[in-house]
Amino acid sequence: MLKRLRNWWGYLNVVGWRYVFFRIGYEFTLRTGILAMRFPVKPPFQQWINVAEWRKSAPGFLIGDRSSFGQKPEKTEQLCAEALRILAGEVQFFYGEWKRVDNDWLRNYDTGFRYDANVHWTKIPDFSAKVGDIKYVWEPNRFLFLQTIMRYDLAFDQDHAGWVFSKIDNWIDQNPINCGPNYRCSQEISIRLFNWIYALYFYRYSSELTTERFGKIIWSVYWQARHVRTNIHFSRIAVRNNHALSETLALYTIGVVFPFFREASHWRIVGKRWFEEEIEYQVTPDGGYLQFSFNYQRVAVQLLTFAISLANLRGDQWADVVYSRAYAMLKLMKYSQDPVSGHLPNYGANDGSLFFKWTDAGFRDFRPMLASLNVQLTGGIPKPDEVELFWS
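Residues numbered from 1 in each chain as written. Predicted model: local features only at pLDDT ≥ 70, side-chain atom pairs only at ≥ 80, totals over all residues. Heavy atoms only, no water.

A. Structural context of the overall build of the protein chain. Of the regular secondary structure elements, the protein chain holds 16 helices and four strands. For 392 residues, the compact-globule formula gives about 21 Å, and the C-alpha radius of gyration of the protein chain, at 21 Å, lands near that figure. Each of the 392 residues in the protein chain was classed as buried or not, and the buried ones make up 57%. Residue pairs in contact within the protein chain that sit at least 24 positions apart in sequence constitute 77% of those at least 6 positions apart. By element, 54% of the accessible surface of the protein chain is carried by carbon and sulfur atoms, the whole surface being about 17,200 Å². (Helix = DSSP H or I, 4+ residues; strand = E, 2+ residues; numbered from the N terminus. Rg over C-alpha atoms; globule rule 2.2 N^0.38 Å. Buried < 20%, exposed > 50% of the residue type's maximum accessible area, 1.4 Å probe, protein only. Contact = heavy atoms within 4.5 Å. Areas by Shrake-Rupley, 256 points an atom, 1.4 Å probe, with all protein chains shown as cover.)

B. Focus on the environment of Val270. Tracing the sequence through the fold places Val270 in helix 13 (residues 264-282). Measuring from C-alpha to C-alpha, the distance between Val270 and Leu249 comes to 9.7 Å, with 21 residues separating the pair along the chain.

C. Geometry of helix 7 (residues 145-156). With 12 residues, helix 7 extends 17 Å between its outermost C-alpha atoms, agreeing within 8% with the 16 Å of an ideal straight helix rising 1.5 Å per residue. Within helix 7, 12 of the 12 residues are buried, which leaves the element mostly enclosed by the surrounding structure. If you follow the buried residues of helix 7, they end up packed against helix 5 (77-87), strand 1 (90-92), helix 6 (135-141), helix 8 (161-174) and helix 9 (186-202). (Expected span 1.5 Å × (residues − 1).)

D. Up close: unusual backbone geometry. Phi at Asp102 is positive, roughly 50°, even though this residue is not glycine. Within the element layout of this structure, Asp102 appears in the loop between strand 2 (98-100) and strand 3 (127-128). What makes Asp102 partly exposed here is its relative accessible area of 39%.

E. Main features of the nonpolar core. Counting 115 residues, the largest nonpolar core has Phe61, Trp196 and Phe258 as the members making the most contacts within it. For this core, the leading source of residues is helix 14 (residues 294-313), giving 12 residues. Trp196 has contacts with Phe143, Leu146, Ile168, Trp171, Ile172, Ile217, Ser220, Val221 and Gln224, leaving out every residue within four places of it along the chain. (Core = buried A, V, L, I, M, F, W, Y, C linked by side-chain atoms within 4.5 Å.)

F. View of the packing of aromatic side chains. A complete count under the given rule lists 45 aromatic pairs for this structure. With 4.9 Å between their ring centres and 65° between their planes, Tyr198 and Trp358 make a pair best called edge-to-face. Residue Tyr198 is found in helix 9, and its partner Trp358 is found in the loop between helix 15 (320-335) and helix 16 (367-378); the two are separated by 160 residues along the sequence. Both residues of the pair, Tyr198 and Trp358, count as buried. Here the aromatic residues Trp54, Phe61, Phe194, Tyr198, Tyr201, Phe214, Phe306, Phe355, Phe356 and Trp358 are joined through ring pairs into a cluster of three or more. Here Lys99 stacks its cationic end above the ring of Phe93, 5.9 Å away from the centre of that ring. It is Arg240 that lies over the ring of Tyr281; its NZ or CZ is 3.8 Å from the centre. (Phe/Tyr/Trp six-rings, centres within 6.5 Å; stacked < 30°, edge-to-face > 60°. Lys NZ or Arg CZ within 6 Å of the ring centre and 35° of its normal.)

G. Seen up close, helix 16. Taking 1.5 Å of rise per residue, the 12 residues of helix 16 would be expected to cover 16 Å, and the 16 Å separating its terminal C-alpha atoms lies within 8% of that figure. By the criterion of burial, helix 16 is predominantly enclosed, with nine of the 12 residues buried. Of the residues making up helix 16, those classed as buried are Pro368, Met369, Leu370, Ala371, Ser372, Leu373, Val375, Gln376 and Leu377. Against the buried residues of helix 16 lie helix 14 and helix 15. One or two steps after helix 16, the chain reaches Gly379, where phi turns positive at roughly 75°.

H. How the structure looks around the packing of helix 10 (residues 211-230) against helix 13. Their axes nearest at 12 Å, the elements helix 10 and helix 13 cross at an angle of 45°. Taken together, the axes of helix 10 and helix 13 lie oblique to each other. Viewed along their axes, helix 10 and helix 13 form a crossing whose handedness is left-handed. On helix 13, the residues touching Tyr222, Ala225, Arg226 and Arg229 of helix 10 are His266, Trp267, Val270 and Trp274. (Axes fitted to C-alpha atoms, helices over the stretch in contact; angles between N-to-C directions. Parallel < 35°, antiparallel > 145°, perpendicular 65-115°, else oblique. Left-handed = near helix turned anticlockwise from the far one by under 90°.)

I. A look at the pattern of salt bridges. Taken as a whole and judged by the stated rule, the model has 23 salt bridges. Where Asp365 meets Arg367, a salt bridge forms, and the shortest distance between an N and an O atom there is 2.7 Å. Asp365 sits in the buried class, given a relative accessible area of 13%. With relative accessibility at 36%, the residue Arg367 sits in the partly exposed group. Look at the salt bridges and you will find they share partners, linking Asp169, Asp173, Glu208, Arg213 and Lys216 into a network. (Salt bridge = Lys/Arg side-chain N within 4 Å of Asp/Glu carboxyl O.)

J. Structural context of the packing of helix 8 against helix 9. Close contact between helix 8 and helix 9 brings their axes to 11 Å; oriented N to C, the two are set at 140°. The hand of the helix 8/helix 9 crossing is left-handed. Residues Val164, Phe165, Ile168, Trp171 and Ile172 of helix 8 lie in contact with helix 9, whose contacting residues are Arg192, Trp196, Ala199 and Leu200. Residue classes in the contact of helix 8 with helix 9 are distributed as eight nonpolar, no polar and one charged. (Nonpolar A, V, L, I, M, F, W, Y, C, P; charged D, E, K, R; others polar.)

K. Up close: the environment of Gly362. Note that Gly362 resides in the loop between helix 15 and helix 16. With relative accessibility at 42%, the residue Gly362 sits in the partly exposed group. A sequence separation of 122 residues divides Gly362 from Arg240, and the C-alpha atoms of the two residues are 29 Å apart.

L. The arrangement of the side chain of Glu247 in detail. Looking at the element boundaries, Glu247 is found in helix 12 (residues 242-257). Buried Glu247, no salt bridge; nearest opposite-charge side chain is Arg236, N-O distance 8.7 Å. At a separation of 3.1 Å, a polar atom in the side chain of Glu247 contacts the main-chain amide nitrogen of Gln187. Ignoring any residue separated from it by four or fewer positions in sequence, one finds Glu247 in contact with Ser186, Gln187, Ser190, Val228, Ile232 and Ser235. (Lys, Arg positive; Asp, Glu negative; His and termini not counted. Polar contact = N/O pair within 3.5 Å; in protein donor to acceptor, adjacent residues only side chain to side chain.)

Spelled out as structure tokens, the structure:
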């Protein structure tokens, strides 16, 4: 018994008392229903700005509308084939197997289980024998496939704005605010919001983006961002890995690109401060990453590239530690990379995470991602085939 108590005491000292006290309080609010009260369902609809006003006043983002691109991606067979599969209702899971999903956003595509959209997110488990791994629900709900469709439209002079916005429309209809599996994880929400913002800016002047549709999307964006802010300390204290990076960056981004939200200034300020704190905590001075995985380190690098690019665009400046740690990661990964294939050792956990894929490069090829960060840090001129640099 004494040995067991010593082991527990040692564990508590390792994870930290801040974590312990937070987790006790969090579990209490979760189990008593107090936490659920902080995430309302069926909030009244609100409209902050109409689409015509937004088109005139929208702050700059990483991309402009589709007509503003000076260079187009190459028309490749791979890009065409992948886009056609997506348009036919398929999604590539974890950059591996393709599965038909159509418009069912609540299904686990491994077990076939379908969630009840009316159950509050606090009552949904991440895993159970009956349901299976919830990541098989989340993967299509990230909307990563929109990146391929936008690239396809630009390269092949196509226009799938109607298809893109109908997907977002349909998702909103099937996912009531703060209910269902797609509100279970704030990082998943953050990734989804990044992709929706890309689509809004890319198809900014499309007739498919009506005032009604725009209002509906912005209303959903607001409540998803508010969810992230309300639950942000779970990632910052209980998790503290790439989840915290993506969520704090999402708050900063939403605060920047949607300044008409009442909380926009607050989200921008705290998101910036917390992102800086997370970079200092998660990245070592020599460029190592606390998750001990090159795949997850790539996630951090892509989020850094996004953050630095957006700050540069608006004349903002991150804390010095953000740039120094970014340089260190870039140096470490370049030294670890095979220059021919672009691969890094498959070191550490690898669940197929790749948030931004704007080229045909394979999943293991880190060259476009590292080139993007290098250009943001140094202001260098990209090579003609590094199309990713025009998107991040």
